[in-house]
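# Structural overview for review
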Amino acid sequence: MTKKAAVKKATPAKKTATKKATAVKETTAAKKTAVGKKATAAKKAVPAKKAAVKKAAPAKKTAPAKKAAVVAKPANAESHTALVRRARRIDRELAEVFPYAHPELDFENPFQLVVATVLSAQTTDLRVNQTTPALFAKYPTPEDLAAANPEEVEEILRPTGFFRAKTKSVIGLSKGLVEQFGGEVPGRLEDLVKLPGVGRKTAFVVLGNAFGRPGITVDTHFQRLVRRWQWTDQTDPDKIEAAVGALFPKSDWTDLSHHVIWHGRRICHARKPACGACPIAPLCPAYGEGETDPEKAKKLLKYEKGGFPGQRLNPPQAYLDAGGKAAPPLGAAG
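Structure report, in brief. (Residues numbered from 1 in each chain as written. Predicted model: local features only at pLDDT ≥ 70, side-chain atom pairs only at ≥ 80, totals over all residues. Heavy atoms only, no water.)

## Concerning the packing of aromatic side chains
- Going through the model one piece at a time under the given rule, you end up with seven aromatic pairs.
- Ring geometry for phenylalanine 98 and tryptophan 262: centres 6.0 Å apart, planes at 65°, overall edge-to-face. With phenylalanine 98 in the loop between helix 2 (80-97) and helix 3 (110-119) and tryptophan 262 in helix 12 (residues 253-266), the pair connects residues that are 164 residues apart, well separated along the chain. Comparing phenylalanine 98 with tryptophan 262 shows no difference in burial state: the two are buried.
- Aromatic side chains tyrosine 100 and tyrosine 319 sit 5.4 Å apart centroid to centroid with 65° between the ring planes, which places their arrangement in the edge-to-face category. In this pair, tyrosine 100 sits in the loop between helix 2 and helix 3 while tyrosine 319 sits in helix 14 (residues 317-321), placing the two residues 219 residues apart along the sequence.
- Tyrosine 100 gets classed as buried once you look at its relative accessible area, which sits at 9%.
- Take tyrosine 319: its relative accessible area is 3%, and that puts it in the buried class. (Phe/Tyr/Trp six-rings, centres within 6.5 Å; stacked < 30°, edge-to-face > 60°. Helix = DSSP H or I, 4+ residues; strand = E, 2+ residues; numbered from the N terminus. Buried < 20%, exposed > 50% of the residue type's maximum accessible area, 1.4 Å probe, protein only.)

Set out below in structure tokens:
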């Protein structure tokens, strides 16, 4: 066979190889084109997504206003009218449970009450009631206490704790009564709070129980319970006083204070409320925070509800008639 014939025979094979290479190139080009189209489509889709995000942006800006509106409402979305009704019903229920509720400090006149209330800070009313008889026996009037030897007063007040600060307060307020009010306890809030150691809480105790002028006593028990009941979410005593006062007629304020404080001391305790023995459990949003078993809850009750003495050495007759027990006599452990 000649060389030309061999070349001619080889030519078809080269053409076949060329066709295959061309097919591969076309396939590769097609793939590149497909990839390019996908990339282009993806790029076109990105602006659309960005546009969607931009459109959603205003919703994020308005979100804080919407959140603030939710926070301002009670957790259970209770209307103001419903809150007023529930709060007043709780007070009515407690009035039936504690018809003999009264200030648990022994006193015979406004002077004794204002001094005893100042001394009750950071201690029990029972401890104060066991301490004040000796104090008032030695210093029966503001003039007497104003002129007292601080060291002698400190020795009497030592059992109440913080006795140095309390001595300074009761001698100071006695001097204020003598110098500014002729030795008489004033019957106005704005005058009472001028006295050393006398804040709004103490002033309302005196006004409500010595002068019959309505006031809300925001002590630690009162603060704890009104927040548990969702009457308010405030923590500042003055703001709590305003918020709760708006739910009740002014004439109810003093008795309301007694009812809430008594319930806090006897049943709705700080660490372990006796939920299972609570007369207002169906009205309480915080039911279940404490012991719910009725038998176990009964063992948590304090003072007369648990069969134990109260805090006053000389309680009102109405309290005794209702089954209440006087505190242990002087000298007994308390």
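## Observations concerning the nonpolar core
- Ranked by internal contacts, the top residues of the largest apolar core, which has 37 residues, are Phe222, Trp229, Trp231, Val244 and Phe248.
- Mapped by element, the contributors of at least two residues to this core are helix 2, helix 10 (220-228), helix 11 (237-245) and helix 12.
- Counting residues per element, this core draws most heavily on helix 2, which supplies six residues. (Core = buried A, V, L, I, M, F, W, Y, C linked by side-chain atoms within 4.5 Å.)

## What to know about empty space enclosed by the protein
- Using the criterion set out here, one finds one cavity of 30 Å³ or more in the structure.
- Counted as a void, the largest cavity has a volume near 110 Å³.
- Considering the residues around the largest cavity, the lining is formed by 14 residues, among which Cys268, Pro273, Cys275, Cys278 and Cys284 are closest to the centre.
- Residues of the lining of the largest cavity, tallied by class, amount to twelve nonpolar, one polar and one charged. (1 Å grid on protein atoms, 1.4 Å probe; cavity = no way out; pocket = protein on both sides within 12 Å on 5 of 7 lines; lining within 4 Å. Points joined across faces, edges and corners; volume = space filled by probe spheres on them. Nonpolar A, V, L, I, M, F, W, Y, C, P; charged D, E, K, R; others polar.)

## Describing the layout of surface pockets
- In this structure, the largest pocket encloses a volume near 770 Å³.
- Every residue lining the largest pocket is counted, 37 residues in all, and those nearest its centre are Asp125, Asp219, Thr220, His221 and Arg265.
- At the level of secondary structure, the elements contributing two or more residues to the lining of the largest pocket comprise helix 9 (200-210), helix 10 and helix 12.
- Broken down by element, the residue count for the lining of the largest pocket peaks at seven residues, all from helix 12.

## Considerations on the packing of helix 3 against helix 7 (residues 163-181)
- It is at 10 Å that the axes of helix 3 and helix 7 come closest, and there the two elements cross at 155°. When the interaxial angle is binned, helix 3 and helix 7 end up roughly antiparallel. When the axes of helix 3 and helix 7 are compared, the crossing they make is right-handed. Residues Phe111, Val114, Val115, Val118 and Leu119 of helix 3 form the contact with helix 7, whose own contacting residues are Lys166, Ser169, Val170, Leu173, Ser174 and Leu177. (Axes fitted to C-alpha atoms, helices over the stretch in contact; angles between N-to-C directions. Parallel < 35°, antiparallel > 145°, perpendicular 65-115°, else oblique. Left-handed = near helix turned anticlockwise from the far one by under 90°. Contact = heavy atoms within 4.5 Å.)

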